[in-house]
Amino acid sequence: VCSPYLDTAGNDIANSSIATVALWLFLIISALLIFGKYRFLEISLKFVVSILFMALLVTTILVLIKGPIDPIANFKPSPVFNDVGILFLIGLMGWMPTAVEASSWVSLWSIEKWKNQKKPSLKESLQEFNIGYTITAVLALFFMIIGWFTLYGTNIELSNNAVSFADQVVRLFTEHIGSWAYLFIAISAFATMFSTCMTAHDALTRVSLDILSLLRPNSNIFTTKMAFGIGVFVLTSINFIVIAAFSANMGNLVALATFVSFIVAPIIGYMNLKNVTSTDLNPQFWPGKSLRYLTYVGIIFLSCFSLYYFYIIIF
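Residues numbered from 1 in each chain as written. Predicted model: local features only at pLDDT ≥ 70, side-chain atom pairs only at ≥ 80, totals over all residues. Heavy atoms only, no water.

Peer 1: Mind showing me how you'd approach the overall build of the protein chain here?
Peer 2: For the protein chain, the count of helices and strands is nine helices and zero strands. Secondary structure elements of the protein chain, listed N to C terminal, follow the sequence α-α-α-α-α-α-α-α-α. Out of the 315 residues in the protein chain, the part that is buried amounts to 31%. Of all intrachain contacts in the protein chain linking residues separated by at least 6 positions in sequence, the fraction that spans at least 24 positions is 79%. If you sum the accessible surface of the protein chain, you get close to 20,200 Å²; carbon and sulfur atoms cover 70% of it. (Helix = DSSP H or I, 4+ residues; strand = E, 2+ residues; numbered from the N terminus. Buried < 20%, exposed > 50% of the residue type's maximum accessible area, 1.4 Å probe, protein only. Contact = heavy atoms within 4.5 Å. Areas by Shrake-Rupley, 256 points an atom, 1.4 Å probe, with all protein chains shown as cover.)

Peer 1: Sorry, what's going on with helix H7 (residues 225-245) here?
Peer 2: Residues that lie three or four places apart on an α-helix share one face, since the helix turns once every 3.6 residues. With 21 residues, H7 should cover 30 Å at 1.5 Å per step; its first-to-last C-alpha distance of 30 Å lies within 8% of that length. Turning to H7, its buried residues are Ala227, Phe228, Gly229, Gly231, Val232, Leu235, Thr236 and Ile243. (Expected span 1.5 Å × (residues − 1).)

Peer 1: Would you take a moment to explain the pattern of salt bridges for this structure?
Peer 2: A pair can form between side chains of opposite charge whenever their charged atoms are brought close. Considering all chains together, one arrives at three salt bridges under this definition. Measuring nitrogen to oxygen at the nearest pair gives 4.0 Å for the salt bridge that ties Glu42 to Lys46. Placement of both Glu42 and Lys46 in helix H1 (residues 13-66) is noted, with a separation of four residues, approximately one turn of the helix. The exposure class of Glu42 is buried, given its relative accessible area of 10%. A relative accessible area of 54% places Lys46 in the exposed class. A salt bridge links Arg206 to Asp202, with the shortest nitrogen-to-oxygen separation between them at 2.7 Å. You can see Arg206 and its partner Asp202 sitting in helix H6 (residues 182-215), four residues apart, about one turn around the helix. With respect to class, Arg206 is no different from Asp202; both count as buried. Each of Glu112, Asp202 and Arg206 takes part in salt bridges that share partners, so that together they form one network. (Salt bridge = Lys/Arg side-chain N within 4 Å of Asp/Glu carboxyl O.)

Peer 1: Even after reading the chapter, I still don't get the packing of aromatic side chains, so can you show me in this structure?
Peer 2: For any pair of aromatic rings, geometry is given as the distance between the ring centres together with the angle between the planes. Under the defined criterion, the tally for this structure stands at six aromatic pairs. Geometrically, the ring pair formed by Trp148 and Phe149 is edge-to-face, given 4.9 Å between the ring centres and 80 degrees between the ring planes. Looking at Trp148, the relative accessible area reads 48%, which means it is partly exposed. (Phe/Tyr/Trp six-rings, centres within 6.5 Å; stacked < 30°, edge-to-face > 60°.)

Peer 1: What's the story with a nonpolar patch on the surface in this structure? I'm lost.
Peer 2: On the surface, Tyr308, Phe310, Tyr311, Ile313, Ile314 and Phe315 cluster together into a nonpolar patch covering about 700 Å² of accessible area. Turning to its location among the elements, Phe315 is positioned in the segment after helix H9 (289-314). Given a relative accessible area of 73%, Phe315 falls into the exposed group. (Patch = residues over 30% accessible without salt bridge, like charges linked within 9 Å, V, L, I, M, F, W, Y side chains within 5 Å.)

Peer 1: Can you help me understand the packing of H6 against H7 in this one?
Peer 2: How two helices sit against one another is set out by the angle between their axes and by the gap between those axes. At their nearest, the axes of H6 and H7 sit 9 Å apart, and the two run at 120 degrees to each other. Relative to H7, the crossing made by H6 is right-handed. Residues Ala200, His201, Asp202, Leu204, Thr205, Arg206 and Leu209 of H6 form the contact with H7, whose participating residues are Ala227, Phe228, Gly231, Val232, Leu235, Thr236 and Asn239. Its residues assigned to classes, the contact of H6 with H7 shows seven nonpolar, five polar and two charged. (Axes fitted to C-alpha atoms, helices over the stretch in contact; angles between N-to-C directions. Left-handed = near helix turned anticlockwise from the far one by under 90°. Nonpolar A, V, L, I, M, F, W, Y, C, P; charged D, E, K, R; others polar.)

Next comes the structure, spelled out in structure tokens:
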């Protein structure tokens, strides 16, 4: 069978093309972050997320108006609480509505933002955090509704190949809503991927440099602009190697990232709690008892889920 993704020697052109495109994307993002600095990141993300929110809102409304897709004959929902269902839930919870480790990203961004400005009050900081988290949660609901109304019940298995996956998603929308809705779908997809790449690229670089600076407190080498630039390009190289090694297999990449995020979530959660209840912080700014109790419940819940995940993998 002749495939458009194979050359005459049988090599997979799509995978190598995706890795090359990803490399160029990472290089462009790296340049924007290095020369534009945090201010550019902040302005561009507000712009991109605004576009993303409006495009997803329109798409969700169109999907709701059209109604859910008709399920295939004799469709039976897959059970949730079996080994496969639990593994899916773990992968889903790893990033929904966002990764737990994103708390450190927000902290470092806040430090960078207020370096040359008046420091905000606790009320202002909490307000900014709550707005960002609420928008993230609403976007997660949009994605869930769109997937529910266009994919659930079709028994369509999304491809692990990035090119095929993108084609499937576009076809699902255009066939269900109409080809005229392609623009909203394309804008939503691009804004989602671009904003995610940019935020993760910047945040992971800052977190890595912050960890290195803590390991060597007497050295200022990791706090310089040059260190940030080098860190960004090192991360670009690592990302490219990972994508090339996985042959652009989105399923494996997403599974790896979400599983890692979920497994470390209890540890990150405990570290967050220790930070906001440490002696370095005035007790009047500590979270209330009810919120601390809720945090303990969440840590226990995530820990038990993680242990069950290891049990499934081992046995």
